[in-house]
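Notes for the structure review
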Amino acid sequence: MDPVPRAVLVVPGALRRLSGGNRYDREVIDSLERSGWRGDVVEPGAASGLTDLVILDSLAYRHGRVETEAPVLALAHQVPGEVGGGSASDPQRAALASAAAVVTVSEWLAAGIRALTAAPVRVIPPGRDGAWAPDGPDQDADVVLCVGNAVPGKGLPKAIDAFLAADIADGRLVLAGDMTWDRQEADRIRAAAERDPDRVEVAGRLSSQELSARYRRSRLLLTASVYEGWPIAVAEAMASAL
């Protein structure tokens, strides 16, 4: 009997938190397992042992190249260095240079990645994971929906400020996302929401089914994110006819 091929995905946090990038990475592992592979998810620095493929998430690039004899497939959810407005660091460049191939989520990201590596770059956009309203919003939908985790780059406090400044008649803002990612940012979000608690709801982390229901109750999506490789919430909202 042939041995079962093994793939190791290297990503900080080992996919324990909910995010668009982690959902994408989980689908990569699940797809490999459905194809007969063994898939393991490990922290940076833990990709030891025999493996047939190393998959390196872009959040792990900052740790540099993986010491392995197996081919490395780099997943690029963002161009290294661009999130903070800078450029790729030496460890990030080394990580990309070690890749036999790169998979990224959008054509504009692919252009940035190709400037950093000679490896072939393939674009595979993410899906929607069931979190959308196929029949569109309800006729009486009255919610302005903002989807994002409590991290500074998502701009949730600014989204609240913009909503309150717009003074939309009979409008309510609902924030959907994990408020435990960054506690200082979560404090800023809650402080902004408390300016008008009757019109701003911090719903927190929702399941795909719960988020789909929120899209049905929404008339528009509000985002204040400063950087997105592929804005899954925008794609979900567009599919929901928002």
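Figured I'd write up the structure that's included with this text. Because the structure is predicted, anything quoted here is derived from the model rather than measured.

1. Points about the sheet that holds strand β7 (residues 143–147)
If you trace the four strands from one edge of the open sheet to the other, you get β9-β8-β7-β10, paired in parallel fashion. The strands lining the two open edges of the sheet, one partner per strand, are β9 (200–204) and β10 (218–221). Each adjacent strand pair in this sheet contributes to an overall mean axis angle of 30°, direction not counted. Examined bridge by bridge, β7 and strand β8 (residues 172–176) share five bridges and lie parallel to one another. Across the sheet, residue valine 147 finds its bridge partner in β8, namely alanine 176.

2. Comments concerning the packing of aromatic side chains
One pass over the full model with this rule turns up one aromatic pair. Between tryptophan 108 and tyrosine 227, the ring centres sit 5.8 Å apart and the planes meet at 65°, which makes this aromatic pair edge-to-face. One end of the pair, tryptophan 108, is in helix α3 (residues 107–114); the other, tyrosine 227, is in the loop between β10 and α7 (232–239), with 119 residues separating them in the sequence. In this structure tryptophan 108 comes out as partly exposed when scored by relative accessible area, which is 43%. Since its relative accessible area comes to 16%, tyrosine 227 is described here as buried. Directly above the aromatic system of tryptophan 181 lies the positively charged group of arginine 17, at a separation of 5.3 Å from the ring centroid.

3. Notes on the nonpolar core
If you look at the biggest cluster of nonpolar residues, it comprises 37 residues, and the most contacted ones within it are Leu9, Val10, Ile55, Leu56, Tyr61, Val102 and Ile113. In this structure leucine 9 touches Leu15, Asp25, Ile29, Asp40, Val41, Val42, Ile55, Asp57 and Leu75, once residues within four positions along its chain are discounted. Val144, Leu156, Ala159 and Ile160 belong to the second largest nonpolar core, which has 17 residues in total.

4. Here we look at the pattern of salt bridges
Per the counting criterion, the structure on display carries 18 salt bridges. Between aspartate 140 and arginine 217 there is a salt bridge; the shortest N-O distance is 2.8 Å. Taken together, the positions of aspartate 140 in the loop between β6 (121–123) and β7 and arginine 217 in the loop between α6 (208–216) and β10 put the pair 77 residues apart, joining distant regions of the chain. When its relative accessible area of 52% is taken as the criterion, aspartate 140 is described as exposed. The closest approach of N and O atoms between glutamate 201 and arginine 172, which form a salt bridge, is 4.0 Å. Of this pair, glutamate 201 sits in strand β9 while arginine 172 is found in strand β8, placing the two residues 29 residues apart along the sequence. Here arginine 172 falls in the partly exposed class, since its relative accessible area comes to 31%. Each of Asp138, Asp140, Asp142, Arg172, Glu201, Arg214 and Arg217 takes part in one network of salt bridges that share partners.

Reading the values: rules and limits
Residues numbered from 1 in each chain as written. Predicted model: local features only at pLDDT ≥ 70, side-chain atom pairs only at ≥ 80, totals over all residues. Heavy atoms only, no water. Pairing = 2+ DSSP bridges. Helix = DSSP H or I, 4+ residues; strand = E, 2+ residues; numbered from the N terminus. Axes fitted to C-alpha atoms, helices over the stretch in contact; angles between N-to-C directions. Phe/Tyr/Trp six-rings, centres within 6.5 Å; stacked < 30°, edge-to-face > 60°. Buried < 20%, exposed > 50% of the residue type's maximum accessible area, 1.4 Å probe, protein only. Lys NZ or Arg CZ within 6 Å of the ring centre and 35° of its normal. Core = buried A, V, L, I, M, F, W, Y, C linked by side-chain atoms within 4.5 Å. Contact = heavy atoms within 4.5 Å. Salt bridge = Lys/Arg side-chain N within 4 Å of Asp/Glu carboxyl O.

Shape is all these values report; function is a separate question.
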